[in-house]
Amino acid sequence: MIGPEFDDVLPAAADGDEEAFGRLWTDLQPRLLRYFMVAAPAVADDLASETWLGVVRGLGRFRGNEAAFRAWVFTIARHELLDWRRRAARRGAEDLPADGVVDQAAPDDPAADALEGFSTREALAQVASLPPDQAEAIVLRVVAGLEVNRVAAIMGKRPGTVRVLTHRGLRRLAERLGDGGRIRRVV
Amino acid sequence: MRRLPATPDADPLALDDETVERLLRGELAPDQAPPGYAEVAELLTAVAAPPSPGELTGQAAALAELRAVTRPRRAAATRRAARRRRTGLAVAVLVGALVTGGVAGAATGHLPAPLRDAGRSILGPLDDGPAPAQPARPGPPSVPAAQGGPPSAGTTTGPQGARPGTTAGGPASTAAGPEDNKGLCQAYQAGKGDEQGRKLEASAFQALARAAGGEDRIAGYCAGLLGQAKAQDGKDDQGQPGADGQGQGGPPVTDPGQGERAQGAGSPGR
C-alpha cells in the first residue's frame with residue numbers, strides 16, 4: 001500500500017517520474033507474481049512483465065484512487081492470464097505446465113516449519129491446489145488486497161459468488177491442512 | 001452444507017461470513033482463529049507476507065517501457081512550450097527591432113551592433129517562415145534576379161540554391177514574411193565584410209538565403225527588397241515583393257524553377 005501519497009505518486013509516474021513509478025512497481029510486482037504463481041506458475045514472470053507493459057501504456061489514462069488502481073492492474077493481469085491460456089490452448093495441451101508450483105514446494109525443514117510456519121511459496125502452492133475459481137478469489141482478496149466487490153468485477157462474477165468461493169476455498173484448505181497434520185498436532 | 005446450528009459437532013469447520021472476512025484480511029492470528037483454522041490463518045499470513053528480494057527483480061524492463069512511452073510525450077510538451085515562449089519573445093523583439101531598426105536603418109543604412117546581434121539571435125527561431133516568393137497568388141511565383149544578371153528559366157543556381165531540411169522544424173506558417181526579411185536584410189547589409197561569413201551560419205540568414213534563392217543572391221535580393229520597400233510605401237502590404245523585386249543589375253525576371261525551390265525550402269520535409 002502506498003497510502004495518502006498515492007494521489008501524487010500516480011500522476012508523477014504517469015508523467016515518467018521513475019522514482020514514483022518505482023513505488024508503484026515495488027508495491028504491486030510481488031502481488032502480481034504471487035497471483036500468477038497460483039494461476040500459471042510456469043510463466044509467472046512473463047505474465048507479470050506483460051502486465052506491466054499494459055499498465056505503463058494505460059497509466060496516463062487511468063483515473064482513480066489506490067484501490068481502484070490496484071483493481072485496474074489486476075484486471076490487466078487477468079486479461080494477460082486469459083490471453084496466455086488461450087494461446088496455450090491453441091498450441092496444444094502438451095505445452096501446459098502441470099502444477100509447477102505445487103511440485104516446487106519441497107518439504108521444508110520441520111524445525112523451521114515449527115518456527116516460521118509456511119514459506120510464501122509453499123503457501124501459494126497450497127492455494128494453487130484449490131479449484132481455480134476458489135484459488136483466484138482467495139488470491140485476489142489476500143494478495144491483491146481487494147474488496148469483494150472489486151474481486152467480483154475482475155472475475156466477472158457476483159459478489160455473493162465470490163464470497164462462496166472464498167469460503168469454500170478456506171474450508172478446503174482447513175480440511176487438507178488438518179488431514180496433513182502439519183501443525184494441527186502441535187496445537 | 002445444510003447443517004443444523006444446534007449440532008455443533010456436525011460441521012466443525014463451518015465459518016460465518018465475518019470470520020471469513022477477518023481471516024482474509026489477516027486480522028486473525030493463528031491462535032485467534034476458529035478451531036481447525038489455525039493453519040489456514042498461518043497460510044494466509046504467508047501468502048500476504050512482505051516481499052522477498054527475489055520478487056523485486058526486473059524493474060528495469062518496466063522502467064524502460066515507461067521511458068519509451070513517456071519520453072516522446074514529454075519531449076513534445078517541452079518543445080511546444082519552448083516554441084511558444086520563443087515565438088512570443090521573437091515577435092515582441094521583432095516588432096521592436098523593426099520599429100527601431102527601421103528608423104535607424106532607413107536613416108543610416110546601418111544597424112547598431114547590439115540590435116544586429118539581437119536580431120540575429122532572436123530571429124533565428126522564426127526561420128521557418130514561408131519564403132516571400134510564395135504569395136497567395138496563382139501562377140508561377142518569382143524571385144528577384146541575382147547580381148550576376150538574369151538567369152535563364154529553369155536553370156539551377158548551384159548546390160546552395162535549394163537546401164531542404166536545414167530548418168529547425170518550427171511552424172511553417174508563423175508570421176515571418178517579407179517584413180522579417182527586410183529586417184534581416186538590414187542586418188545583413190550592416191555587417192558587410194568579414195562578418196558575413198559568420199552571418200551566413202546563423203539560421204536566420206539561412207532563411208534569408210533560401211528566400212533569396214541562394215547565399216550568393218542575398219545581396220541582390222536585399223537590395224531589391226529594401227529598395228522596393230521604400231518604393232512601395234503606401235502600397236498594399238499584401239503585394240508580392242518578389243514579383244517586382246529588382247536585382248542589382250537586371251530587370252525583373254520570372255523564374256518558375258527558382259520559385260519551386262524557394263517553396264520547397266520554405267516547407268522542408270515536415
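Residues numbered from 1 in each chain as written. Chains lettered and ligands numbered in written order. Predicted model: local features only at pLDDT ≥ 70, side-chain atom pairs only at ≥ 80, totals over all residues. Heavy atoms only, no water.

## A word on the overall build of chain B
Quick note on the threshold: Secondary structure elements follow DSSP: runs of H or I no shorter than four residues count as helices, runs of E no shorter than two count as strands, and numbering proceeds from the N terminus. Three labels apply to residues, based on accessible area from a 1.4 Å probe with only protein chains included: buried if under 20% of the type maximum, exposed if over 50%, partly exposed otherwise in between. Residues are treated as being in contact if the distance between any of their heavy atoms lies within 4.5 Å.
A count of helical and extended segments in chain B gives nine helices and zero strands. From first element to last, N terminus to C terminus, chain B shows the α and β order α-α-α-α-α-α-α-α-α. Each of the 270 residues in chain B was classed as buried or not, and the buried ones make up 43%. Nonlocal contacts in chain B, meaning residues at least 24 apart in sequence, comprise 71% of its contacts between residues at least 6 apart.

## As for the interface of chain A and chain B
Interfaces are often sized by the amount of accessible area the parts lose when they come together. The condition that has to hold: Buried surface area refers to the total accessible area, computed with a probe of radius 1.4 Å, that the two partners give up upon joining, counted for both partners together. Note on definitions: salt bridges are taken to be side-chain nitrogens of Lys or Arg within 4 Å of carboxyl oxygens of Asp or Glu. Polar contact is defined as a pair of N or O atoms within 3.5 Å, subject to the rule that within protein one atom must be able to donate a hydrogen and the other to accept it, and that residues adjacent in sequence are counted only when both atoms are side-chain atoms.
Tallying the contact residues gives 45 residues for chain A and 38 residues for chain B. Counting the surface lost from both chain A and chain B, the interface buries some 3,800 Å², and carbon and sulfur atoms represent 64% of this. Contact with chain B buries area across many residues of chain A, yet Trp25(A), Leu170(A) and Arg171(A) alone supply 17% of it, more than any other trio. In this structure, the connection of chain A to chain B is made through five salt bridges. Across the salt bridge formed by Arg141(A) and Glu21(B), the nearest N and O atoms sit 2.4 Å from each other. At the boundary of chain A with chain B, the tally comes to 10 residue pairs in polar contact (both at pLDDT 80 or more). Among the elements of the structure, α1 (6–14), α2 (18–39), α3 (44–58), α7 (120–128), α8 (132–142) and α10 (159–180) of chain A are those that each provide at least two residues to the side of chain A that touches chain B.

## Focus on the environment of Leu47(A)
Residues and elements named next belong to chain A. As for its placement among the helices and strands, Leu 47 is situated in helix α3. For Leu 47, a relative accessible area of 2% gives the class buried. Beyond its immediate stretch of four places on either side in the chain, Leu 47 contacts Phe 36, Ala 40, Glu 80, Leu 81 and Trp 84.

## Digging into the confidence of the model for chain B
Interpretation of this model should avoid reading the predicted coordinates in detail wherever pLDDT is low. Residue and element names in this part refer to chain B. So the rule is basically this: In predicted models, pLDDT denotes the confidence assigned by the predictor to each residue on a 0 to 100 scale.
Taken as a whole, chain B shows an average pLDDT of 62; of its residues, 36% reach a score of 70 or greater. Within chain B, the lowest mean pLDDT, 40, falls on helix α9 (residues 256–266), and the highest, 95, falls on helix α2 (residues 38–47). Every residue in residues 122–176 is under pLDDT 50, and counting partners more than four places away or in other chains gives 120 contacts. Between residues 233–270, whose pLDDT stays under 50, and residues either more than four places distant or in other chains, the model counts 71 contacts. Quick note on the complex model: pTM equals 0.54, ipTM equals 0.85.

## Structural notes on the nonpolar core
The condition that has to hold: By nonpolar core we mean a set of buried residues, namely Ala, Val, Leu, Ile, Met, Phe, Trp, Tyr and Cys, connected to one another through side-chain atoms within 4.5 Å.
If you look at the biggest cluster of nonpolar residues, it comprises 80 residues, and the most contacted ones within it are Phe21(A), Leu59(A), Phe69(A), Phe74(A), Val127(A) and Leu170(A). For this core, the leading source of residues is α2(A), giving 11 residues. Residues in contact with Phe69(A), not counting those within four places in the same chain, are Phe6(A), Leu10(A), Leu24(A), Leu28(A), Val55(A), Leu59(A) and Phe62(A). Listed in part, the seven residues of the second largest apolar core include Ala212(B), Ile218(B), Cys222(B) and Leu225(B).

## A closer look at the packing of α7(A) against α2(B)
Cut-off, in case you're wondering: Angles shown run from 0 to 180 degrees and are taken between the N-to-C directions of axes, each axis being a line fitted to C-alpha atoms and, for helices, limited to the stretch in contact. Each angle is binned into one of four classes, with values under 35 degrees roughly parallel, values over 145 roughly antiparallel, values of 65 to 115 roughly perpendicular, and all other values oblique. Crossing handedness: left-handed means the near helix sits turned counterclockwise from the far one by under a right angle, and right-handed means the same turn made clockwise.
One can describe the packing of α7(A) onto α2(B) by two numbers: an axis separation of 8 Å at closest approach and a directional angle of 115°. Relative to α2(B), the element α7(A) lies roughly perpendicular. The chirality of how α7(A) crosses α2(B) is left-handed. Where α7(A) approaches α2(B), its residues Thr120(A), Ala123(A), Leu124(A), Gln126(A) and Val127(A) are matched on the opposing element by Leu43(B), Ala46(B) and Val47(B).

## Section: the packing of α2(A) against α8(A)
Residue and element names in this part refer to chain A. Direction vectors running N to C along α2 and α8 enclose 170°, while the axes themselves pass 10 Å from each other. By the criterion of interaxial angle, the relationship of α2 to α8 is roughly antiparallel. Of α8, the residues touching α2 (which contributes Arg 34, Tyr 35 and Val 38) are Ala 135, Glu 136, Val 139 and Leu 140.

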